[in-house]
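These are the residues of each chain, in order.
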Amino acid sequence: MIDELARLPDPAAAHDELRRRGPHRTPDGRWVVAGAADVTAVLGSPAARIGFATDPARPVTAWQARMARFTDGAEHAPRRAAVQRLLAGLDPAALRADAAAATTARIAGVAELDAVVLGRQVPVAVLAAALGVGDPGAAVAAVAELAAALAPRLDAAPPPADAAVAALRDPLAHLPGDPAAAMGLLFQSYDATAALIGAAAARLDGGPVDVDRLVATVLRADGPVQLTTRVAGTGLAVGGRAVPAGDRVVVVLAAAGTDPADPARRSFAFGAGPHACPGAREAVAIAAGVLDALVAAGAAATGAVAAHEPRLNLRVPVGATLRLSAAPSGSPRPAG
Ligand code: HEM
């Protein structure tokens, strides 16, 4: 069940079941934690490691190893601080306005569009422009390839992405510190923000919407990042049981975020512990900006989301198609 979770039409029943079982092991030996308390404990434990190793046959993994998301222990803190320094220079209100303006420009004259396609273009373009990248469109193309390499779909082989890294390195060179920090920031923003935009857009019906509330609802009920994984270091315990070093642990964020036993009703949509998403404010602002523009254009979903991309952790809708009532009639063209 755990490997299909992100693709289930309605994962809520699976979340309930995983929490009810408590920490347990899959037949292939992975540990699964889904309750809010257990998820908090695992993600907060220094013995829960990312455990990333570079692959000499894939040079892009040497860049990946320099990104905060894939770094452990003493190496993680400075890499995360570098990302936080970049984010500190960004203003969420401006990002929201920029995302709305970029969306409005892209949907001008469009009658029908795929919200996930839009969600993969606008956030990275807005962030890249805010970071001072001269050609945000080129950055989007490079980040798409980087994301395909670092977070591939189950039905696609990861590309080498060496050209993507080369295309991003120079445009990010003016930023302080290791360009891997900005590269990681853009990579992290790519699929997850598109998933949020797609899931939220699929709920639009052409009428007025409280966008902030819609975003919050989707983050809780249709979490873009359903789960994350860790590798046990020495001394990790889940639910009072010792986890042997080297065992894999699946951490079901989306189940923890709907745990009725959590008195604080915390959201885990952006993770928890030292690797919790540092871009949550920016992600929400950009997604809201895109939705602001879609709502203003009278966007309505043409039907229910039929499927989700084949992925282990990200819940990305397929065919989140919108019709825009404010588009001029005549010769409708699909958004590219
Ligand atoms: C809706 C959109 C997003 C969601 C749901 C999301 C969620 C997450 C989650 C769950 C993690 C933790 C992964 C783990 O613990 O294994 C994470 C990490 C991260 N996210 Fe996001 N994210 C989103 C958008 C963004 C954006 C827009 C940015 C940048 C502006 C960003 C930057 C990062 C970075 C750099 C990390 C790694 C942090 C570290 O390891 O210290 N994310 N994100």
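Residues numbered from 1 in each chain as written. Predicted model: local features only at pLDDT ≥ 70, side-chain atom pairs only at ≥ 80, totals over all residues. Heavy atoms only, no water.

The chain goes by Cytochrome P450 in an unreviewed UniProt entry, where it is assigned to Pseudonocardia humida.

1. Considering the side chain of His 24
Counted only if it meets this: What counts as a helix is a DSSP run of H or I of at least four residues, what counts as a strand is a run of E of at least two, and both are numbered from the N terminus. A 1.4 Å probe rolled over the protein chains alone gives each residue an accessible area, and that area as a share of the maximum for its type sets the label: buried under 20%, exposed over 50%, partly exposed in between. Polar contact is defined as a pair of N or O atoms within 3.5 Å, subject to the rule that within protein one atom must be able to donate a hydrogen and the other to accept it, and that residues adjacent in sequence are counted only when both atoms are side-chain atoms.
Within the fold, His 24 resides in strand β1 (residues 24–25). Assessed through its relative accessible area of 9%, His 24 is described here as buried. Side-chain polar atoms of His 24 contact the backbone oxygen of Gly 22, separated by 2.7 Å.

2. Let's talk about the coordination of the iron atom of the ligand
Rules: Here the coordinating atoms are restricted to nitrogen, oxygen and sulfur within 2.8 Å of the metal centre, or 3.2 Å for Na, K and Ca, and because water is not among them the sites may look incomplete.
For the iron atom of the ligand, the sole protein-derived donor is Cys 277 (SG), lying 2.3 Å away. Tracing the chain through its elements places Cys 277 in the loop between α11 (253–256) and α12 (280–296).

3. Things to note about the pattern of salt bridges
Put simply, the test is: Counted as salt bridges are all cases of a side-chain nitrogen of Lys or Arg within 4 Å of a carboxyl oxygen of Asp or Glu.
Scanning the model with the defined rule gives 21 salt bridges in all. Among the ionic pairs, Asp 191 bridges to Arg 311, the shortest N-O distance being 3.8 Å. Remark: Arg 311 occurs in the loop between β10 (307–308) and β11 (317–318) and Asp 191 occurs in helix α9 (residues 179–201); sequence separation between them is 120 residues. When its relative accessible area of 6% is taken as the criterion, Asp 191 is described as buried. Arg 311 sits in the buried class, given a relative accessible area of 7%. Salt-bridge contacts for Arg 281 lead to Glu 282; the nearest nitrogen and oxygen are separated by 3.8 Å. Judged by its relative accessible area of 4%, Glu 282 falls in the buried class. Three or more residues are tied together by salt bridges with common partners; here these are Arg 120, Arg 153, Asp 155, Asp 191, Glu 309 and Arg 311.

4. Quick look at the site of the ligand
Selection criterion: If a single non-hydrogen atom of a residue is within 4 Å of a molecule or strand, that residue counts as near it.
Neighbouring residues of the ligand: 27 residues in total, closest His 76, Arg 80, Thr 228, His 275 and Cys 277. In this structure, Ala 68 approaches the ligand through a main-chain N or O atom, which is 3.4 Å from an oxygen atom. In the model, an oxygen atom of the ligand is placed 3.3 Å from a nitrogen or oxygen of the Arg 69 main chain. For the shell around the ligand, the leading source of residues is α9, giving six residues.

5. What to know about the layout of surface pockets
In plain terms, the rule: Here a cavity denotes grid points, spaced 1 Å and computed from the protein atoms alone, that fit a 1.4 Å probe unable to get out, and a pocket denotes an open set having protein on both sides within 12 Å along at least 5 of 7 lines; residues with an atom within 4 Å of a point are the lining. Grid points are joined across faces, edges and corners, and a volume is the space filled by probe spheres set on the points. Each residue gets one label: Ala, Val, Leu, Ile, Met, Phe, Trp, Tyr, Cys and Pro are nonpolar, Asp, Glu, Lys and Arg are charged, and the others, such as Gly, are polar.
In this structure, the second largest pocket spans a volume of roughly 170 Å³. As for the second largest pocket, its lining consists of Pro 9, Asp 10, Pro 11, Ala 199, Ala 202, Arg 203, Ala 221, Asp 222, Val 305, His 308, Arg 315 and Pro 317. Across the lining of the second largest pocket, the residue classes break down as seven nonpolar, one polar and four charged.

6. Observations concerning the nonpolar core
Cut-off, in case you're wondering: Residues enter a nonpolar core if they are buried and are Ala, Val, Leu, Ile, Met, Phe, Trp, Tyr or Cys, with the set joined through side-chain atoms within 4.5 Å. Between two residues, a contact is recorded if the distance between any of their heavy atoms is within 4.5 Å.
In terms of nonpolar packing, the biggest core is built from 76 residues, with Leu 146, Leu 291 and Leu 294 touching the most fellow members. The element contributing the most residues to this core is α9, with 15 residues. With residues up to four places along the chain from it excluded, the contact list for Leu 294 reads Thr 103, Ile 107, Leu 113, Leu 118, Ala 201, Leu 204, Ala 299, Leu 322 and Leu 324. Counting residues in each nonpolar core, the second largest holds 18 residues, with Trp 31, Val 33, Leu 236 and Val 251 among its members.

7. As for the pairing of strand β8 (residues 248–251)
Inclusion rule: Strands are treated as partners if at least two bridges between them are detected by DSSP.
Note that strand β2 (residues 31–33) and β8 share three bridges and pair parallel. Looking at β8, one finds that Val 32 is bridged to Val 250. Sheet topology note: the strand β5 (residues 228–232)/β8 ladder contains four bridges and is antiparallel. Bridging from a neighbouring strand, Arg 230 pairs with Val 249 of β8.

8. Concerning empty space enclosed by the protein
One pass over the full model with this rule turns up one cavity of 30 Å³ or more. The space that makes up the largest cavity amounts to roughly 30 Å³. In terms of lining, the largest cavity is formed by Leu 219, Arg 220, Leu 253, Ala 254, Gly 257, Ser 267, Phe 268 and Ala 269. When residues of the lining of the largest cavity are traced back to their parent elements, those giving at least two are α10 (211–221) and α11. Of the residues assigned to the lining of the largest cavity, the class counts are five nonpolar, two polar and one charged.

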